[in-house]
Amino acid sequence: MLHGLAERARHNWFLCCIVLAICLARLYPWIGAKSGPLMPDYTVKYGAVFIIFFNSGLSIKTEEFSKALLQVKVHAFVQLFTLLFIPLFVWSIARYLRNLGIEEHLLTGLQVVACMPPPVSSAVILTKSAEGNEAVAIFNSAFGSFLGIVVTPLLLLKFVGTSSAVPLSKIFYQLSLTVLVPVILGNLVRRRFRDWLERQKIPYSVIGNIVLLLIIYTTFCDTFSNSDFQLPKSSLFQIAVVVIALQLFLSFCHSTFLRVKL
């Protein structure tokens, strides 16, 4: 029995490490907080994300990027699913969840998250871990982020009733610096040292997962170190159940009805 559990833990080491990272952030939030020694505003916001996309540029062949750019139907599906279906779906579900007594600010937060564009770093790493098309994930993460500059404020205004000013030049600069530049640099290095890199058998997926764990750890450190963060355990449990149920339902629908091959 213990051997079976150990084998399961080995195969799902990344999920286990996510739980461990959150627990460590709860115990030692000062380490990864904004004012902490890890300085996440620089090491994570720029450094970690740069490493993730440089790593992707190293591991993906140039021709794979070319093929990914031509998959227009896939890109259209991903963007419409993320920026149209998900906000509408969560909005419709939230209307019924209010009758169950779930706190309004939690449902508002859930709706805000649903209106966000695709996550930049985690989408790429999780796609690679699932043996999906990493080049398509990179394109849609970057393209979705650029679309989100315009679409997300409109969605928030529609579903939440509020919006905010978006610093366009700053966002374009950050996305270019943390996504486009490292991917291009990584691919240039790959083209120059392809044979050597292939002989080294570099564990690109493991490297990306470890960097993502650092991002998760510092994010929760900042949350737990915030003195205004006072969320009742019952509310936390409720929203966790809702999020997991939504994920399972969407995964079931995708695997049963959609079956979109990237």
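Residues numbered from 1 in each chain as written. Predicted model: local features only at pLDDT ≥ 70, side-chain atom pairs only at ≥ 80, totals over all residues. Heavy atoms only, no water.

A few points about the overall build of the protein chain
Here is step 1: If you tally the helices and strands in the protein chain, you get 13 helices and zero strands.
Here is step 2: Its helices and strands taken in sequence order, the protein chain reads α-α-α-α-α-α-α-α-α-α-α-α-α from the N to the C terminus.
Here is step 3: Across the 262 residues that make up the protein chain, the buried fraction comes to 34%.
Here is step 4: Expressed as a percentage of contacts within the protein chain between residues at least 6 apart in sequence, the contacts between residues at least 24 apart total 81%.
Here is step 5: By element, 69% of the accessible surface of the protein chain is carried by carbon and sulfur atoms, the whole surface being about 16300 Å². (Helix = DSSP H or I, 4+ residues; strand = E, 2+ residues; numbered from the N terminus. Buried < 20%, exposed > 50% of the residue type's maximum accessible area, 1.4 Å probe, protein only. Contact = heavy atoms within 4.5 Å. Areas by Shrake-Rupley, 256 points an atom, 1.4 Å probe, with all protein chains shown as cover.)

A few points about the confidence of the model for the protein chain
The predicted coordinates ought not to be read in detail in places where the model reports low pLDDT.
Here is step 1: Per-residue pLDDT for the protein chain has a mean of 82; in total, 89% of the residues score no lower than 70.
Here is step 2: The lowest-confidence element of the protein chain is helix α1 (residues 2-11), averaging 68 in pLDDT; the highest-confidence one is helix α3 (residues 29-32), averaging 89. (pLDDT = per-residue confidence, 0-100.)

Overview of unusual backbone geometry
Here is step 1: Residues other than glycine seldom take positive phi values, yet Met39 does so here, at roughly 45°.
Here is step 2: Its identity is not glycine, yet Lys201 carries a phi of approximately 55°, on the positive side.
Here is step 3: Looking at the element boundaries, Lys201 is found in the loop between α11 (194-200) and α12 (204-224).
Here is step 4: Using a relative accessible area of 69% as the deciding quantity, one classes Lys201 as exposed.

Focus: the packing of aromatic side chains
Here is step 1: This model, assessed by the stated rule, comprises eight aromatic pairs.
Here is step 2: Ring centres of Phe81 and Phe85 lie 5.2 Å apart, and the angle between their planes is 20°; this geometry places the pair in the stacked category. Placement of both Phe81 and Phe85 in helix α6 (residues 72-97) is noted, with a separation of four residues, approximately one turn of the helix.
Here is step 3: Relative to Phe143, the ring of Phe139 lies with its centre 5.5 Å away and its plane at 20°, an arrangement referred to as stacked. Note that Phe139 and Phe143 are positioned in helix α9 (residues 134-159) at a spacing of four residues, about one turn of the helix.
Here is step 4: You can call Phe143 partly exposed: its relative accessible area is 36%.
Here is step 5: The cationic tip of Arg95 hangs over the ring face of Trp91; the distance from NZ or CZ to the ring centre is 5.0 Å. (Phe/Tyr/Trp six-rings, centres within 6.5 Å; stacked < 30°, edge-to-face > 60°. Lys NZ or Arg CZ within 6 Å of the ring centre and 35° of its normal.)

Observations concerning a nonpolar patch on the surface
Here is step 1: Nonpolar side chains collect at one region of the surface, where Leu20, Leu24, Leu27, Tyr28 and Trp30 lie side by side and expose about 550 Å² of accessible area between them.
Here is step 2: Here the element with the most residues in the nonpolar patch is helix α2 (residues 13-27); it accounts for three residues.
Here is step 3: Considering the arrangement of structural elements, one finds Tyr28 in the loop between α2 and α3.
Here is step 4: On the accessibility criterion, Tyr28 (41% relative accessible area) is partly exposed. (Patch = residues over 30% accessible without salt bridge, like charges linked within 9 Å, V, L, I, M, F, W, Y side chains within 5 Å. Salt bridge = Lys/Arg side-chain N within 4 Å of Asp/Glu carboxyl O.)

So, α6
Here is step 1: Look at α6: 36 Å from first C-alpha to last across 26 residues, which is about the 38 Å you get at 1.5 Å a residue.
Here is step 2: Phe81 marks the point of greatest bend in α6, at about 40°.
Here is step 3: For α6, every residue scored as buried is listed here: Val74, His75, Val78, Gln79, Thr82, Leu83, Ile86, Pro87, Phe89, Val90, Ala94 and Leu97. (Expected span 1.5 Å × (residues − 1). Bend = angle between axes of the 7 residues up to and from the residue.)

So, a positive patch on the surface
Here is step 1: Taken together, the side chains of Lys61, Lys67, Arg191 and Arg194 make up a positively charged region of the molecular surface.
Here is step 2: Note on placement: Arg191 falls in helix α10 (residues 168-192). (Lys, Arg positive; Asp, Glu negative; His and termini not counted. Charge placed at Lys NZ, Arg CZ, Asp CG, Glu CD.)

Observations concerning the nonpolar core
A general tendency of soluble globular proteins is for nonpolar side chains to be buried together.
Here is step 1: Formed by 27 residues in total, the largest nonpolar core has its most connected members in Ile52, Phe53, Phe65, Ile138, Leu212 and Ile215.
Here is step 2: Where this core is concerned, the elements lending two or more residues are α2, α4 (40-59), α5 (62-69), α6, α8 (121-129), α9, α10 and α12.
Here is step 3: Sequence-distant contacts of Leu212, defined by excluding residues within four places in its chain, comprise Phe14, Ser121, Ser122 and Ile125.
Here is step 4: The next biggest cluster of nonpolar side chains, apart from the first, holds 13 residues, and it includes Ile86, Leu97, Leu110 and Leu250. (Core = buried A, V, L, I, M, F, W, Y, C linked by side-chain atoms within 4.5 Å.)

Some remarks on the packing of α9 against α10
Here is step 1: Put simply, α9 and α10 touch, their axes get as near as 10 Å, and they point 175° apart. Our classification of the angle between α9 and α10 gives roughly antiparallel. Taking contact as the criterion, the partners of Ile138, Ala142, Ser145, Phe146 and Ile149 in α9 are, on α10, Leu168, Ile171, Phe172, Leu175, Val179 and Val183. (Axes fitted to C-alpha atoms, helices over the stretch in contact; angles between N-to-C directions. Parallel < 35°, antiparallel > 145°, perpendicular 65-115°, else oblique.)

A closer look at the pattern of salt bridges
Here is step 1: Within the structure shown, the criterion is met by one salt bridge.
Here is step 2: We note a salt bridge from Arg190 to Glu198, for which the minimum N-O separation is 3.5 Å.
Here is step 3: A relative accessible area of 7% means that Arg190 is categorised as buried.

Focus: the state of the cysteines
Here is step 1: Under the definition given, this model contains zero disulfides.
Here is step 2: In this structure Cys16 is not part of a disulfide, and its nearest cysteine sulfur, from Cys17, lies 6.9 Å away.
Here is step 3: Since its relative accessible area comes to 39%, Cys16 is described here as partly exposed. (Disulfide = S-S within 2.5 Å.)

Focus: α12
Here is step 1: Here α12 spans 31 Å end to end across 21 residues, near enough to the 30 Å set by a 1.5 Å rise per residue.
Here is step 2: Here α12 has its buried residues at Tyr204, Gly208, Asn209, Val211, Leu212, Leu213, Ile215, Ile216, Tyr217, Thr218 and Cys221.
Here is step 3: Taken together, the buried residues of α12 touch α2, α3, α4, α8 and α11.

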